[in-house]
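Letter by letter, the chains look like this.
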Amino acid sequence: GMSCALSTALHLRLRFDLTDVATFVRTLGGREAFGAGNGELVFVTQDRKIWKLGTPGVVTALSDTTAATQLDGSGRPVFATDKTRVIIAGGGLPQKYNGSGLSSRLGGSPPAASHVAAVAQRLILNVADASGTFQSTDAGEGNHETWPAINVVEAEARPDPLVAVADNTNELFAFGTRTL
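Along each chain, residues carry numbers from 1 onward, in the same order as the chain's sequence is written. Where local features are concerned, this predicted model is filtered to residues with pLDDT of at least 70; where side-chain atom pairs are given and counted, the filter is 80 or more; whole-chain, interface and lining totals use all residues. Note that the side-chain values use all heavy atoms of the structure and ignore hydrogens as well as water.

Novice: Mind showing me how you'd approach the overall build of the protein chain here?
Specialist: The numbering of helices and of strands both runs from the N terminus, where a helix is a DSSP run of H or I of at least 4 residues and a strand a run of E of at least 2. The helix and strand tally for the protein chain stands at one helix and 16 strands. In the protein chain, once contacts between residues fewer than 6 apart in sequence are set aside, the share between residues at least 24 apart is 34%. Surface accessibility in these figures is a Shrake-Rupley result with a 1.4 Å probe; residues are shielded only by whichever protein chains are displayed. Counting only carbon and sulfur atoms, one obtains 54% of the accessible surface of the protein chain, whose full area is about 9000 Å². Residues count as neighbours in contact if any of their non-hydrogen atoms are within 4.5 Å of one another.

This is the structure:
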């Protein structure tokens, strides 16, 4: 079986056996991409629909037939969490899941992004163009759906396009086509 160690918003280490979920996803004709948040396993299928595994063995649809409940873009899903939601980027407008109901587009005017990170109480998205920039929210949970224009920053090591952002131990990593 396939298993994955996931970290919840409470920073507890949990071990999920994902064999059943992976089998379920393959029956939908897709390949799985997983992320964790707030004690639940959230995943995206190839058709861009979002699902969660809550209690063992119970899979719940977080998308319906409307585009606004499905992951926008065609890139590999990338997940981040804050205290109350899971945020997913996939090349288009980011998606959020608040822990109940269906998923929806992240509020405010976030840029289309292939990657999302959560650092220092901010959400950070790489701008999905050749500008080499990323955009962040202001610090604080209540600001995670506000995207001030002043928070657009260029990753300045070299003038190459920014293709990804990632976080580790409260540090942001910006990956360009030729630089880190």
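After that view of the structure, there is still more to cover.
Novice: Even after reading the chapter, I still don't get the pairing of strand β5 (residues 50–53), so can you show me in this structure?
Specialist: Here is the key point about a regular strand: its side chains alternate between the two faces of the sheet. The buried label applies to any residue whose accessible area, calculated with a 1.4 Å probe on protein chains only, is under 20% of its type's maximum; exposed applies above 50%, and partly exposed to all values in between. The side-chain alternation of β5 yields two buried faces, one formed by Ile50 and Lys52 and the other by Trp51 and Leu53. Note on pairing: two strands pair once DSSP finds at least 2 bridges between them. Counting the residues that bridge the hairpin from strand β4 (residues 40–44) to β5 gives five residues, and of these Arg48 lies at a positive phi of roughly 75 degrees.

Novice: What's the story with the pattern of salt bridges in this structure? I'm lost.
Specialist: In a structure, side chains of opposite charge can pair up when their charged atoms sit close to one another. Think of a salt bridge as a Lys or Arg side-chain nitrogen and an Asp or Glu carboxyl oxygen that are within 4 Å of each other. The tally for this structure, following the rule as stated, stands at three salt bridges. Asp82 serves as the salt-bridge partner of Arg85, at 2.8 Å between the closest nitrogen and oxygen. In terms of burial, Arg85 and Asp82 fall into one category: buried. The residue Glu145 makes a salt bridge to Lys96 at a minimum N-O spacing of 2.9 Å. One end of the pair, Glu145, is in the loop between β13 (133–136) and β14 (152–154); the other, Lys96, is in strand β9 (residues 95–97), with 49 residues separating them in the sequence. Sharing partners across several salt bridges, the network here consists of Asp82, Arg85, Lys96 and Glu145.

Novice: I tried to follow the pairing of strand β12 (residues 122–126) on my own but got confused; where do I start?
Specialist: Extensive coverage of β12 is indicated by the burial of four of its five residues. In terms of strand pairing, strand β11 (residues 116–119) meets β12 through four bridges, oriented antiparallel. Pairing of Ala118 across the sheet is with Leu123, part of β12. Hairpin connection from β11 to β12: two residues lie between these consecutive antiparallel strands, with Ala120 at a positive phi of about 50 degrees. Both β12 and β13 contribute to a ladder of three bridges, which runs antiparallel. Counterpart to Asn126 in the pairing with β13 is Phe134. Taken together, β12 and the strand that follows it, β13, pair antiparallel across an intervening segment of six residues, in which Gly132 is found at a positive phi of about 75 degrees.

Novice: I tried to follow the nonpolar core on my own but got confused; where do I start?
Specialist: Most often, soluble globular proteins have nonpolar side chains that are buried together. Joining through side-chain atoms within 4.5 Å is the link that ties buried Ala, Val, Leu, Ile, Met, Phe, Trp, Tyr and Cys residues into a set, and such a set is a nonpolar core. One finds Val78, Ala80, Ile87, Ala89, Leu106, Ala113, Val116, Leu123, Leu125 and Trp147 forming the largest nonpolar core, which totals 10 residues. Listing elements by their share of this core, those giving two or more residues are β7 (78–81), β8 (86–89) and β12. In this structure Trp147 touches Leu106, Gly107, Gly108, Ser109, Pro110, Pro111, Leu123, Leu125, Gln135, Ser136 and Thr137, once residues within four positions along its chain are discounted. The next biggest cluster of nonpolar side chains, apart from the first, holds nine residues, and it includes Val44, Leu62, Phe79 and Val86.

Novice: Which parts of the structure should I look at to understand the sheet that holds β12?
Specialist: In a beta sheet, neighbouring strands are held together by backbone hydrogen bonds and run either parallel or antiparallel to one another. Across the sheet, which stays open at both edges, the four strands sit in the order β11-β12-β13-β14 with antiparallel pairing between neighbours. Each end of this open sheet is capped by a strand with a single partner; those strands are β11 and β14. Taken over all neighbouring pairs, the strand axes of this sheet differ in orientation by 30 degrees on average, direction set aside. Orientation is described by lines fitted to C-alpha atoms, with helices fitted over the stretch in contact, and by angles between N-to-C directions that extend from 0 to 180 degrees.

Novice: Before we go on, may I ask you to explain a nonpolar patch on the surface in this structure?
Specialist: A cluster of nonpolar residues, Val163, Phe175 and Leu180, forms a patch on the protein surface that exposes about 270 Å² of accessible area. Tracing the sequence through the fold places Val163 in strand β15 (residues 162–168). Since its relative accessible area comes to 39%, Val163 is described here as partly exposed. Patch membership requires over 30% relative accessible area and the absence of a salt bridge. Like charges are linked within 9 Å, and nonpolar side chains (Val, Leu, Ile, Met, Phe, Trp, Tyr) within 5 Å.

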